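Coordinate inspection notes
Listed below, chain by chain, are the residues.
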Amino acid sequence: DLFDQIVKSYLKANYNIDLSNIIKGNNLTKVCLEVLNNDLSNVLNKNSLYHIIEEIYDFWREHKRYLISDMKISYSINENNYHDLFNSFNKMVIDSYRKICSNLLGKSYKIMRELAAGGNAFILLDRANYHGYDVLKDVPFIHSVIFRPPFMVYSKSNKRKGIFPIVNENPIANLSINNNEWFCYPILVGTKRVFVYFKSCYMAQGLALSNLFEHDDDYKENKPDIIVVFGSNTNDGIYYDKEKEVYIASLKERDEIDYFGYMKKIILTVYNIQMIKNNCLPIHGACVTILLNNGVEKNIVLIGDSGAGKSETLEALRKIGQDDVLKMTTIFDDMGTFILNDGQLKAYGTEIGAFVRTDDLGKDYTYKVFDRAIFMNPTAVNARIVLPVSSYDDITEGVKVDAVYYANNYAQSNEKIKVFKNKEEALKVFKTGSRVAKGTTGENGFVSTFFANPFGPVQLQEETEKLLDEYFDVLFESGVEVGEIFTGLALENAAENP
């Protein structure tokens, strides 16, 4: 049945012809079976058929292929044997293709490539005991995933725009879904438990979460702190359900959100809103622990909006300091949190991975992580990869902050780093959040965003203002170096700076 569906889809997409024009009185499935048995008596023009088989094989491999098994239904499939089944299916597809073509050509293959011919991923499903909302209670959870690299995704959109609003009505109240078309990926964002429900048309984005966030292995018996519904039939918005003590985030189904940036940022926005409500300061930036050969260790934080040069600066530091730097540990690559405990400030991460532009990493690094990365629109502008970079223990342990710099990508300066003398001077720069947008979002040219963070602080600006005063007092009082680093990343657009 699957083969027939593929053939019909192939013919519809590539030729406006009937099977009878190619095959004499037989359907293509039957002919292929005859070829497997080395019986070519019913084949009309075997050379033409060979090329068609090649095209069908390529057509099949051009699609994203997900093998899905539900442990609740398929009792014979479990986490111990589904890896073998995944490999068996891949082998069956390759072997069938090779045997058909060998029989058609009358010779065996001498050069063989073990391609991802079966599935790109095998998803094992399970159930959770959390039934906070009836409409979601039967949606299966992703228990585990096997990827077969390279895993490349081409989505309908490749940039994100706008902000996610806080709303006064629960988006789940009017939610309607078909359980057969929905999945839930349970993750840990920082230490918060997040259940991400997504429609099957966003499967690639849902699975990419595996490279960015820690999988929540304890989802069965625990309630979530946050629920995200991606691809809903309700309006966009973030809502706090006081009765159930859970934050809700929703994005309505449309082509525009078919981009991993939307899924990542709606998750981080609702997380940051919860952090602000808990008197913690969300940081849009990067934090790295640098251990030098002489034993000196420093924790550096760079703050800036998309395109400011955070990832590029860390990558440049990695290259330039390779003779002096023994180790660099990423605490967070895009979003983190400052937390005050008894007057001591520490930085924590949210993600174990990074979602970065391939142009910002350099070709040498991209090739090194080729077999572990998930590639997003690799041939398009703003091509990105999702790759794991840190352990969960590293991002949740908390590190003392030694220096905080604002990433300035637009100003020309003879000094690479400017150190601020006081809190007022620093906050003027950090709160304004200026940068030249590089087109990675819906913005272009010289723009400003409050605290360079449209993912929580913009929605709760008044509360964040109070936190900034408190946290920057602690930074200066504890002797942390606070300054501005000039990345020069957008100097070619410097004329747009008013």
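Residues numbered from 1 in each chain as written. Predicted model: local features only at pLDDT ≥ 70, side-chain atom pairs only at ≥ 80, totals over all residues. Heavy atoms only, no water.

1. Observations concerning the confidence of the model for the chain
Threshold: In predicted models, pLDDT denotes the confidence assigned by the predictor to each residue on a 0 to 100 scale. Residue contacts are counted whenever heavy atoms from the two residues lie within 4.5 Å of one another.
Taken residue by residue, the chain gives an average pLDDT of 88. The fraction at 70 or more is 89%. In the predicted structure, residues 493-498 sits below a pLDDT of 50 and forms 7 contacts with residues beyond four places in sequence or in another chain.

2. Some details on empty space enclosed by the protein
Definition in use: The distinction between a cavity and a pocket rests on a 1 Å grid over the protein atoms alone: a 1.4 Å probe fits inside a cavity but cannot get out, while a pocket stays open yet meets protein on both sides within 12 Å along at least five of seven lines, and a residue with an atom within 4 Å of a point counts as lining. Grid points are joined across faces, edges and corners, and a volume is the space filled by probe spheres set on the points. In this count, Pro and Cys sit with the nonpolar residues alongside Ala, Val, Leu, Ile, Met, Phe, Trp and Tyr, while Asp, Glu, Lys and Arg are called charged and the others, Gly among them, polar.
Overall, the coordinates contain 2 cavities of 30 Å³ or more when judged by the stated rule. Of the voids in this model, the second largest cavity is the one considered here, and its volume is about 30 Å³. What lines the second largest cavity is Arg127, Ala128, Tyr130, Leu136, Lys137, Val139, Phe141 and Tyr197. Residue composition of the lining of the second largest cavity, by class: 6 nonpolar, no polar and 2 charged.

3. Thoughts on the packing of aromatic side chains
Put simply, the rule reads: Ring pairs are drawn from Phe, Tyr and Trp, using the six-membered ring of Trp, whenever the two centres fall within 6.5 Å, and their geometry is named by plane angle: stacked under 30 degrees, edge-to-face over 60, tilted for the rest. Accessibility here uses a 1.4 Å probe with only protein chains present; expressed as a share of the type maximum, an area under 20% marks a residue as buried, one over 50% as exposed, and anything in between as partly exposed. Any Lys NZ or Arg CZ that is within 6 Å of a ring centre and within 35 degrees of that ring's normal is treated as a charge sitting over the ring.
For the coordinates displayed, the defined rule picks out 20 aromatic pairs. With a centroid separation of 4.4 Å and an interplanar angle of 40°, the aromatic rings of Tyr240 and Tyr247 are classed as tilted. Take Tyr240: its relative accessible area is 34%, and that puts it in the partly exposed class. You can call Tyr247 buried: its relative accessible area is 9%. Put simply, the rings of Tyr130, Phe141, Phe195, Tyr197 and Tyr219 touch in pairs and so form one group of aromatic residues. Directly above the ring of Phe151 sits Lys64, whose terminal nitrogen or CZ lies 5.2 Å from the centroid. In this structure, Lys244 is placed above the aromatic ring of Tyr133, and the distance from its NZ or CZ to the ring centre is 4.9 Å.

4. Digging into the side chain of Asn382
Put simply, the rule reads: Numbering of helices and strands runs from the N terminus, with a helix taken as a DSSP run of H or I at least four residues long and a strand as a DSSP run of E at least two residues long. Distance and chemistry together define a polar contact, namely a pair of N or O atoms within 3.5 Å, with one atom able to donate a hydrogen and the other to accept it when in protein, and with adjacent residues in sequence counting only for side-chain atoms on both sides.
For Asn382, the position within the fold is in the loop between β17 (374-376) and β18 (384-388). Within the structure, Asn382 has its side chain in polar contact with the backbone oxygen of Asn158 (distance 2.8 Å). In terms of polar contacts, Asn382 uses its side chain to reach the side chain of Tyr259, at 3.3 Å.

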